[in-house]
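# Examination of the molecular architecture
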Amino acid sequence: MKNQEIAKIFNEIARFLQIDRVAFKPYAYEKAAFSLESLKSDVSEIYVNGGRKALEEIPGIGKAMSDHIEEYLKTGKVKIYEEFKKKLPVQMDELVRVEGLGPRKVKVLYQKLGVKNLKDLEKAAKKHQITHLFGFGETTEKNILQGVEFLKQNKGRSLLQDIMPVARGVLQKLEGLKEVEKASLAGSLRRRKETIGDVDFLVVSKDSKKVMDFFVSLPGVKKIWGKGKTKASVHMAGGFDMDLRVVQAKSYGAALQYFTGSQDHNIATRRIAIDKGLKLSEYGIFKGPKMIAGDTEEKIYKAINLPYIEPELRENNGEIEAALQGKLPILVQLKDIKGDLHIHSNWEDKEGEKDSIEVLVKKAMDLGYEYIGISDHTKDLKVEKSLNEKQLLEQNKYIKNLNSKFKIQNLKFRILHGCEANIRKDGSIDVDDEVLAQLDYVIAGVHSIHKMEKKEMMARIEKAMKNPNVDILAHPTGRIVNQRDEYQVNFDRMLKLAKETSTILEINSSSRLDLRDFYIRRAKAEGVKMIINTDAHQKEQLNLMEYGVSQARRGWAEKSDIINTLSVEDLLKSLK
Ligand code: DGT
Ligand code: CA
Ligand code: CA
């Protein structure tokens, strides 16, 4: 789709604008990019059908952005982007993925050392040319090398939340074809792994040729790797591949089970089939030449005496054993979630990009929530207009006022007031306890000095968890998918402390996806409670909740493990 191509350009323009510290504008481009990425329909179709006016009606797209979109659709180019690129001909998107490298540093690296891409960057760092640059230093150089190494290891895998909207758009189109009886996502996307190698679709159709032709001519297809009667594979403008399989209705369940994977799970289920004298393949389950099941996944599992196993569990990590013993977890679902406690408002706004509490509340109500929590950043964090004690108390008053308005109107909705405070290097919190005690809850997190020895880091976190006002530990290990490794943690120790101090561990739905699935599973096993938050910085990001939920599901979490499935009264009781 053109959507992705234009979104990519908008994100790039935003980065170029950040170099000159232009206020507001970068955000407008990022917002437009985000909106295009999550748009279900093709922007070129919108334009063809509704012209300029229709473009301007897309949420997040104003006049200026419509100009750019129109320009791109007509000429295949956006002029200001071309100008930026001429001045700074670097692989910006690639370079800024290196932890600690922003657009401004990228510019310096290009001007002083001619660094254009990751390869150049690695070379320069290895030759210690970066240490001497103004504003860099030895630590930065070391961090850059580590960052490059990390990226190289994770190469080629896209973030689930970046790919899912695109994949859903394609799925919808496939479902819209009259030749298609059924269609589904498969592979790691259906298992909702945090990163995706390629996108897999499965379709039932009697006219596979039509479906294939349609698939390989989708907007956004850059290259066709292969196109046969039942299989096609393409490379997309977004930089990832998509596979399509067409099967017969009678084999749909078997094929879905096979192509959902994981491969290890498949091998295990096949082995069980063999032990029972059966053969399980992508076409069905067979006893001798006779097919005994195939059209649904439920029937496939049933034929080998297993209950249905949710896709998120299919990693051969004990789910087969649990299924055999009737001990599969009943996984938490998106609809169980009653509220979101990690949300940033325009009170901390520096760039004019954030939403008011009222707007966030409206969005939360639209999502069917019963409560939300406002948790702006506090004093130490300088990238935001963080709140000090006085401002927190003001905000507290403001929120109480809003709540009494809801009461008057008899709306069953509650705004909780919290904050996202910083755990300082010594483990103290950057806000006075007296003020923290007046809030409904306190989230605390590490936002600076990530590189510490494990012992030191754990002492730091321990002190914070032992603070009677700290209820929730935000993004407990500091990792960011495809971007940053976790800091040095002893997770067993963290779990023990969480139990001792009744601190809730956060599952962060943003691109952090921190906790990771295997940590969630360990927390659950230890009876440590968790909360799924979005860490939204704009109202649209409240929609990210589904990714935190699927992360929790991959960690075998049930409703009772997650405290924001509780009513507001019970939730407050479960905090310190
Ligand atoms: P990805 O794309 O790396 O994120 O991971 P998947 O799981 O989507 O892997 P992919 O796209 O290569 O294949 C989709 C599924 O098809 C995979 O999860 C299991 C099944 N599959 C593919 N190749 C094999 C195979 O050689 N043996 C078995 N048993 N299953 C396979
Ligand atoms: Ca795949
Ligand atoms: Ca594949």
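Computed from a predicted model, the values in this text were never measured in an experiment. (Residues numbered from 1 in each chain as written. Chains lettered and ligands numbered in written order. Predicted model: local features only at pLDDT ≥ 70, side-chain atom pairs only at ≥ 80, totals over all residues. Heavy atoms only, no water.)

### With respect to the coordination of the calcium ion (ligand 2)
Coordination of the calcium ion (ligand 2) by the protein comes from Asp198 (O), Asp198 (OD) and Asp200 (OD), over a distance range of 2.2 to 2.5 Å. In this structure, the calcium ion (ligand 2) is coordinated by six donor atoms arranged in irregular fashion, with angles at the metal of 70 to 168 degrees. Here the calcium ion (ligand 2) and the calcium ion (ligand 3) are spaced 3.6 Å apart, linked through Asp198, which binds each one. A residue is classified by how much of its surface remains accessible, and Asp198, at 25% relative accessible area, is partly exposed. (Donors = N, O, S within 2.8 Å, 3.2 Å for Na, K, Ca; no water. Tetrahedral: all angles 85-135°; square planar, octahedral: opposite > 155°, others 65-115°. Buried < 20%, exposed > 50% of the residue type's maximum accessible area, 1.4 Å probe, protein only.)

### Quick word on the nonpolar core
With 59 residues, the main nonpolar core has Ile372, Ile415, Ile461, Met494, Leu505 and Ile562 as its most contacted residues. The contacts of Ile372, once residues within four sequence positions are left out, are Asp340, Leu341, Ile343, Leu360, Val361, Ala364, Phe413, Arg414, Ile415 and Leu416. Ranked by size, the runner-up nonpolar core spans 47 residues in total, among them Ile6, Ala14, Ala54 and Tyr81. (Core = buried A, V, L, I, M, F, W, Y, C linked by side-chain atoms within 4.5 Å. Contact = heavy atoms within 4.5 Å.)

### Describing the packing of helix 20 (residues 454–466) against helix 21 (residues 491–501)
Close contact between helix 20 and helix 21 brings their axes to 10 Å; oriented N to C, the two are set at 15 degrees. Classified by the interaxial angle, the pair formed by helix 20 and helix 21 is roughly parallel. For the element pair helix 20 and helix 21, the recorded crossing hand is right-handed. Where helix 20 approaches helix 21, its residues Met458, Ile461, Glu462, Met465 and Lys466 are matched on the opposing element by Arg493, Met494, Leu497, Ala498 and Thr501. Of the residues belonging to the contact of helix 20 with helix 21, the class tally is six nonpolar, one polar and three charged. (Axes fitted to C-alpha atoms, helices over the stretch in contact; angles between N-to-C directions. Helix = DSSP H or I, 4+ residues; strand = E, 2+ residues; numbered from the N terminus. Parallel < 35°, antiparallel > 145°, perpendicular 65-115°, else oblique. Left-handed = near helix turned anticlockwise from the far one by under 90°. Nonpolar A, V, L, I, M, F, W, Y, C, P; charged D, E, K, R; others polar.)

### Section: the coordination of the calcium ion (ligand 3)
Taken together, the protein donors to the calcium ion (ligand 3) comprise Asp198 (OD), Asp198 (OD), Asp200 (OD) and Asp243 (OD), at separations of 2.3 to 2.6 Å. Donor residues binding the calcium ion (ligand 3) come from one chain and are separated in sequence as D-x1-D-x42-D. Judged by its relative accessible area of 16%, Asp200 is buried.

### Thoughts on the UniProt feature "domain: Polymerase/histidinol phosphatase N-terminal" (unreviewed entry) in the chain
When the UniProt feature table is mapped onto this chain numbering, "domain: Polymerase/histidinol phosphatase N-terminal" (unreviewed entry) sits at residues 339–425. Taken end to end, residues 339–425 is 34% helix and 24% strand, and its first and last C-alpha atoms sit 31 Å apart. (UniProt positions renumbered as here; feature names shortened; annotations may be inferred.)

### Description of the pattern of salt bridges
Applying the stated criterion to the full structure yields 46 salt bridges. With its nearest N and O atoms 2.9 Å apart, the salt bridge here joins Arg493 to Glu462. With Arg493 in helix 21 and Glu462 in helix 20, this residue pair connects regions lying 31 residues apart in the sequence. Put simply, Lys496 and Glu500 hold a salt bridge, and the shortest N to O gap is 3.5 Å. Here Lys496 and its partner Glu500 are both found in helix 21, four residues apart, which amounts to about one turn of the helix. The exposure class of Lys496 is partly exposed, given its relative accessible area of 47%. Linked through salt bridges whose partners overlap, the residues forming this network are Arg52, Glu56, Lys63, Asp67, Glu70 and Lys74. (Salt bridge = Lys/Arg side-chain N within 4 Å of Asp/Glu carboxyl O.)

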